[in-house]
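Inside the fold
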Amino acid sequence: MKNPKEENDLMEKIVSLCKRRGFVFPGSEIYGGFAGTYDWGHLGVALKRNVIDAWTKAMQDHRNMTFLDSSIFTSGKVWEASGHVSGFSDPLVICNVCKEKSRADHLLENAGIRADEKLSELEINKIFDNNRNKIKCPKCGNKDFGQIRASNLLATSNLGMLDSKEDQVYLRGETAQGIFINYKNVLDTGFVSIPFGIAQIGKAFRNEISPRQFLFRKREFEQMEMQYFSHPNEAMDNYEAWKKERMEYYKKLGINSKRLRFKPHENLVFYAKAACDIEYEFSFGWNELEGIHYRGDYDLTQHQKFSGVDMRFYDEETKEKYIPHIVETSVGVDRTVLMVLCDAYCEDKLGESERVVLKFLPKLAPVICAVSPLLKNKPELVEYANTKVYAPLKAEFGRVAWDDNGNIGKRYRRQDEIGTPFCIVVDFDTLEDDTVTIRDRDTGEQERVKTDNLKNYIKEKIS
Ligand code: GAP
């Protein structure tokens, strides 16, 4: 078990590495920052893309999966129908002394009082009131707070609102609503029938009271969501199947299975038939990574009610007409990236030297291999490395780096720190026998491989 100092240290080290090596930068940094936002650097873009590709591939493996890219902006009615306008909120509490705004459940958690973030408003209020003497303001340390009030998470906009009488417009709080409102369109294309899925990746926005833990809780983030539409009698089986599949997926991504677990929701929302989270043990404790929810017919029924459009599916064979039941899998790209970084981060000793290494699964690594001439002042080595190794590998894999800075040991350390699985060195033997050295990131072991076999060697490793 790590102590709080170690937990913070680890997160601080990851945040610092991310900035130093160009994975993630704090948002609006030159203006003092903008809470809950981060910008992706060169390596972060690549890592994020690999995470997205892995998810997309897993969804594509289903014959009856379709993809969608719906708008961030929608009619305000969408969010009224979904219940977000009236009921999508966090419990806000303000310190009476310094006016710091906090989430009541987070303050309870800081005071060591169990407060599941899915507790109802009433329950949080009760627990908070019973423990006021134990809860301290994180900014000034006082224990004097106002009453808890619900703070809506939807971010508002005035896009297209030319006068104040028009319906309020929101930035989407989840991508799922875009899927529900397009379900009929997808069905009408005739390519799929029940059961089928709609998968979507896109930005979502939430007015989080206290964005925190780096990429874990942001105000602008990206979701990868999938809604699976089934006959009501089959939906529960599909829920169980998706649970199993999604857990296997993370294990195949190389995530330490001891740090993954299911957590059933203790307090189901009234319409949900079943729900659980896949949790990961971050350095700050077990926390939700992905939600898997059996939502019944709630969402389509709501949109039917508010839009007046018949959301029923007509089964030509059985002549049955029904609103399909939905199973949802929902995970954040940013949160997945944070998990992948935490899981890969390692400080170890290789030979005599200590190092920081990101042990990504090769297919997730932002740079798949780095190519180096042993000496950068030997034109024959540089020429060979450039034309016979770097150029063909770059054309094949894209994620290939040229690294000729400093001595070989330094290059290895630098590549270890960004998680490059293979370092390829062109030396004088290469000029004689057309072989190069490949050094393995995790073991430090080196082997000689024929230049002509390099593409296949790497392909095998990342498959
Ligand atoms: N459509 C269901 C839905 O949006 P959710 O539990 O609110 O459910 C799903 O969010 C996932 O989106 C979470 O498990 C998490 O991975 C990610 N997520 C939610 N809020 C986030 C935030 N503020 N920052 C980063 N990721 C977030």
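Remember, it's a predicted structure, so these values are computed and weren't measured experimentally.

Here we look at the site of the ligand
- The environment of the ligand is formed by 20 residues, the closest being Glu174, Lys218, Glu225, Glu288 and Leu289.
- The separation between an oxygen atom of the ligand and a polar side-chain atom of Arg206 is 2.8 Å.
- Protein burial of the ligand: of its 550 Å² of free accessible surface, 91% is covered by the chains.
- Only strand 10 (220-230), strand 13 (285-296) and strand 16 (325-332) provide two or more residues apiece to the shell around the ligand.
- Grouping the amino acids of the shell around the ligand by side-chain chemistry returns six nonpolar, four polar and ten charged.

Digging into the sheet that holds strand 13
- The strand order across the open sheet built from seven strands is 3-9-10-16-13-12-11, with neighbouring strands paired in mixed fashion. Lying at the two open borders of the sheet, with one neighbouring strand each, are strand 3 (65-68) and strand 11 (260-264). With strand direction ignored, the average angle separating the axes of adjacent strands in the sheet is 25°.
- Bridging between strand 10 and strand 16 involves eight bridges; their strand directions are antiparallel. Directly across from Gln223, in strand 16, lies its bridge partner Gly332.
- Contacting strand 3, strand 9 (196-205), strand 10, strand 13 and strand 16, helix 7 (residues 176-188) runs over the sheet at an angle of about 145° to strand 9.

Concerning empty space enclosed by the protein
- This model, assessed by the stated rule, comprises one cavity of 30 Å³ or more.
- Volume-wise, the largest cavity comes out at about 30 Å³.
- Those elements that provide at least two residues to the lining of the largest cavity are helix 3 (76-82) and helix 7.
- Per-class residue counts for the lining of the largest cavity are two nonpolar, six polar and two charged.

Quick notes on the packing of helix 7 against helix 9 (residues 298-307)
- Between helix 7 and helix 9, the least distance of the axes is 10 Å, while the angle of their chain directions is 65°. When the axes of helix 7 and helix 9 are compared, the pair comes out roughly perpendicular. You can see that helix 7 and helix 9 cross each other, and the crossing is right-handed. Two secondary-structure elements touch here, helix 7 through Gln177, Phe180, Ile181 and Tyr183 and helix 9 through Asp299, Leu300 and His303.

Regarding the pairing of strand 10
- Taken across its eleven residues, strand 10 has ten buried, putting it largely inside the fold.
- The pairing of strand 9 with strand 10 spans ten bridges and is classified as antiparallel. Looking across to strand 10, one finds that Gly202 is bridged to Gln223.

Some details on the sheet that holds strand 4 (residues 89-94)
- Spatially, the three strands line up as an open sheet ordered 5-4-6, and their pairing is antiparallel. The open sheet has two free edges, formed respectively by strand 5 (101-103) and strand 6 (149-152), since each of these has just one partner strand. Each strand axis lies, on average, 50° off the axis of its neighbour in the sheet, ignoring direction.
- Summarising the sheet, strand 4 and strand 5 pair through three bridges and their orientation is antiparallel. Paired with Ile94 across the strands is Lys101, a residue of strand 5.

Observations concerning helix 9
- Inspection of helix 9 places Tyr298, Asp299, Leu300, Gln302 and His303 among the buried residues, and these make up the whole buried set.
- Its buried side turned inward, helix 9 meets helix 3, helix 7, strand 10, strand 13 and strand 16.
- Phi turns positive one or two residues past the end of helix 9, at Gly308, with a value near 80°.

The rules behind each value
- Residues numbered from 1 in each chain as written.
- Predicted model: local features only at pLDDT ≥ 70, side-chain atom pairs only at ≥ 80, totals over all residues.
- Heavy atoms only, no water.
- Near = heavy atom within 4 Å.
- Polar contact = N/O pair within 3.5 Å; in protein donor to acceptor, adjacent residues only side chain to side chain.
- Areas by Shrake-Rupley, 256 points an atom, 1.4 Å probe, with all protein chains shown as cover.
- Helix = DSSP H or I, 4+ residues; strand = E, 2+ residues; numbered from the N terminus.
- Nonpolar A, V, L, I, M, F, W, Y, C, P; charged D, E, K, R; others polar.
- Pairing = 2+ DSSP bridges.
- Axes fitted to C-alpha atoms, helices over the stretch in contact; angles between N-to-C directions.
- Contact = heavy atoms within 4.5 Å.
- 1 Å grid on protein atoms, 1.4 Å probe; cavity = no way out; pocket = protein on both sides within 12 Å on 5 of 7 lines; lining within 4 Å.
- Points joined across faces, edges and corners; volume = space filled by probe spheres on them.
- Parallel < 35°, antiparallel > 145°, perpendicular 65-115°, else oblique.
- Left-handed = near helix turned anticlockwise from the far one by under 90°.
- Buried < 20%, exposed > 50% of the residue type's maximum accessible area, 1.4 Å probe, protein only.

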